[in-house]
Amino acid sequence: MVAEVRDYLEQVRLHLNLEPQTERRILSELVSHFQEKIAELELAGRSEGEAAREAICSFGSARLVARLSYEAYSRGSWVEALISAQPHLIAAALIATHFWRRPAFLAGSVALLAVTTLLAWLRGKPNWLFSWASYVLIPLLIGVYVSRRLLAQAAQFILQGQGDASALLPLLPLAALYAASFWLLVAATVRALRKDWLLASLMLIPLPITGIWVFHVERLAPLVRSFTGEPNRWDAAMAVVFLVLAVSSAVFVRLRQRFLKTGALLTIGGIGAAVVARSIWSDLNLAGLAVVTVLGLAFTWCPVLLRSRRDSPAAEPWTQEELADPRTRT
Amino acid sequence: MQSDLLGYDSDLLRGNTDPMLLFLIEEHGESYGYRLIKEIEQRSGGFFRFKEGTVYPALRKLENDGLIQGSWKRLPSGQERRYYRITAHGREVLRKKLAMWQNFNNAIGLIYQPARG
């Protein structure tokens, strides 16, 4: 293929932000178009270079083609929107009814979330998977956070010889928990990034929001066992935040325009963290609120930076051979 | 689809591109992107000129809506093309759109003719 066309199609691919198989399908059709158009122009007497430039010129800008293609391919069905909202609705229901403090309900919900996520992961990784994946990560990350004291005791015994040798016993299961959490977080984020950094952001959004809440609830751990305890007072606010997340996830799936999806993420990431922080720390001043909002936004947007690293010039997953392979098309 | 803005306002075209594509696909039994682009240009005497890259997303939207169905075919030359066929739902939608267009065209024609008396 002529170098100019190849560069042009690479520009289209860089701005598509769709899953690789869909990108290959789109590019295959465009390659077919360019082959025919260039052949026709060459028959009309143009040189190969002239024909390529004319074909590119009449095709429109790469960004325009990529944007329109994204809008045509990225919109999910209503069923997908509903499935995407489900994990947030489960979380909202657990918190609104205070059932999150009943181990059986909590374990059942986590098992449901984990099994659904695993099945979706094994069966094609649909876009709605990523709103479920975050809820599988949350219990693991909470486990990591809660077990930090055990780890500190073990580290103290090893480094300073202080404390009890029994502190070393939990090290193996802890190491497994830490490794599993880290691997799952990285694998899920990388997988989401391969599709679209917006999906990775969508996946990460509940983490800072839940993190602020868990951090505070854990400080009141002794009260958690009694059902009249303090942690209840934030349940209403948290349930509302998870409801907003559910609606946002559904809207996100249905929106075609990328800038609207980005706007929706900005709103939930920043404002969601601020609302939770404000409901927990009622004496939080404006500066503190601004810091929480900025941190929430930064965390939600970190996949953009990772994505920009992924877009190195070396990334060219649509070689001529790949495009010619009918298995890559649907 | 986006026009090159040659001699007409692109707003006039909006809303008519889907029926145009559906009509041409139905007429041929099946067709593909490049042929549709050429045909629209030829049949309109060069009046309609699209940014060609915008036709493919338009076809995808029609496919998403269940109005057309696409499939890959390998040509004797080894080249592959994605062909589109109209569906039963697409035919029904096309019939309605054509009737609507006819009524709209008649009404506009009546307005633009000189007033009597």
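Above this text is the structure in question.
Notes on the structure follow.

Parameters and conventions
Residue numbers run consecutively from 1 along every chain, following the written order of its sequence. All chains are assigned letters beginning with A, and all ligands numbers beginning with 1, in the order in which they are written. pLDDT decides what is reported in this predicted model: residues at 70 or higher carry local features, side-chain atom pairs at 80 or more are listed and counted, and totals for whole chains, interfaces and linings draw on all residues regardless. Values reported for side chains reflect all heavy atoms of the structure, with hydrogen atoms and water molecules removed beforehand. Within this scheme, the nonpolar core is defined by two criteria: the residues are buried Ala, Val, Leu, Ile, Met, Phe, Trp, Tyr or Cys, and they are joined through side-chain atoms within 4.5 Å. Between buried and exposed lies partly exposed: a residue is buried under 20% and exposed over 50% of the maximum accessible area for its type, with that area taken using a 1.4 Å probe on protein chains only. Note on contacts: a residue pair qualifies if any of its non-hydrogen atoms lie within 4.5 Å across the two residues. Elements are defined by DSSP. Helices are runs of H or I of four residues or more, strands are runs of E of two residues or more, and each kind is numbered from the N terminus. For a helix, the expected span equals 1.5 Å multiplied by the number of residues minus one. Any two rings among Phe, Tyr and Trp, with Trp reduced to its six-membered ring, count as a pair given centres within 6.5 Å; such a pair is stacked if its planes are under 30 degrees apart, edge-to-face if over 60, and tilted if neither. Lysine NZ or arginine CZ positioned within 6 Å of the ring centre and within 35 degrees of the ring normal marks a charge as sitting over the ring. Note on pairing: DSSP must find at least two bridges between two strands before they are called paired. When two parts are brought into contact, each loses some accessible area as probed by a 1.4 Å sphere; the total of that loss over both is the buried area. A pair is scored as a salt bridge if a Lys or Arg side-chain nitrogen falls within 4 Å of a carboxyl oxygen belonging to Asp or Glu. Identification of polar contacts relies on pairs of N or O atoms within 3.5 Å, with a donor-acceptor requirement for protein atoms, meaning one able to donate a hydrogen and the other able to accept it, and with residues adjacent in sequence counted only if both atoms are side-chain atoms.

**Remarks on the nonpolar core**
With 97 residues, the main nonpolar core has Y8, V12, F34 and W213 of chain A together with L59 of chain B as its most contacted residues. In contact with V12 of chain A, other than residues within four places in its own chain, are L27, L30, A62, V65 and A66 of chain A. A81, A85, A250 and V253 of chain A belong to the second largest nonpolar core, which has five residues in total.

**Examining helix 2 (residues 17-28) of chain B**
All names here are of chain B. If you check helix 2, its first and last C-alpha atoms are 17 Å apart, about what twelve residues at 1.5 Å a residue would give, namely 16 Å. Residues of helix 2 that are buried: T17, P19, M20, L21, L22, L24 and I25. One or two positions beyond helix 2, positive phi appears at G29, with a value near 85°.

**Looking at the side chain of S74 of chain A**
Along the chain, S74 of chain A turns up in the loop between helix 4 (62-73) and helix 5 (78-96). S74 of chain A sits in the buried class, given a relative accessible area of 11%.

**Digging into the packing of aromatic side chains**
All chains considered together, the criterion is met by ten aromatic pairs over all chains. Aromatic side chains F34 of chain A and F59 of chain A sit 4.8 Å apart centroid to centroid with 40° between the ring planes, which places their arrangement in the tilted category. In this pair, F34 of chain A sits in helix 2 (residues 20-43) while F59 of chain A sits in helix 3 (residues 48-59), placing the two residues 25 residues apart along the sequence. Judged by relative accessible area, F59 of chain A falls into the buried class, the value being 0%. Among the aromatic residues, those joined into a cluster by ring pairs are Y8, F34 and F59 of chain A together with Y56 of chain B. The lysine or arginine in question, K261 of chain A, covers the ring of F252 of chain A, its NZ or CZ lying 4.9 Å from the ring centre. The ring of Y32 of chain B carries the charged tip of R81 of chain B above its face, separated from the ring centre by 3.9 Å.

**Digging into the pairing of strand 2 (residues 68-74) of chain B**
All names here are of chain B. For strand 2 and strand 3 (residues 80-86), the ladder comprises seven bridges, and the chain directions are antiparallel. The residue bridging Q69 from the neighbouring strand is R85, located in strand 3. Counting the residues in the hairpin turn of strand 2 and strand 3 gives five residues, including G78, whose phi is positive at 95°.

**Some details on the environment of V304 of chain A**
Residues and elements named next belong to chain A. If you trace the backbone, V304 turns up in helix 15 (residues 286-310). Classification of V304 as partly exposed rests on a relative accessible area of 25%. A sequence separation of 108 residues divides V304 from D196, and the C-alpha atoms of the two residues are 9.3 Å apart.

**Focus: the interface of chain A and chain B**
Taken together, the contact pairs 26 residues of chain A with 23 residues of chain B. Buried area between chain A and chain B, summed over both chains or domains, comes out near 2,300 Å², and the portion from carbon and sulfur atoms is 49%. Linking chain A to chain B there are four salt bridges. The salt bridge involving E36 of chain A is made with R81 of chain B; its shortest N-O contact spans 3.1 Å. Run the count over chain A and chain B and you get 13 residue pairs in polar contact (both at pLDDT 80 or more). Of all the elements in the fold, those that place two or more residues in the side of chain A that touches chain B are helix 2, helix 3 and helix 4 of chain A.

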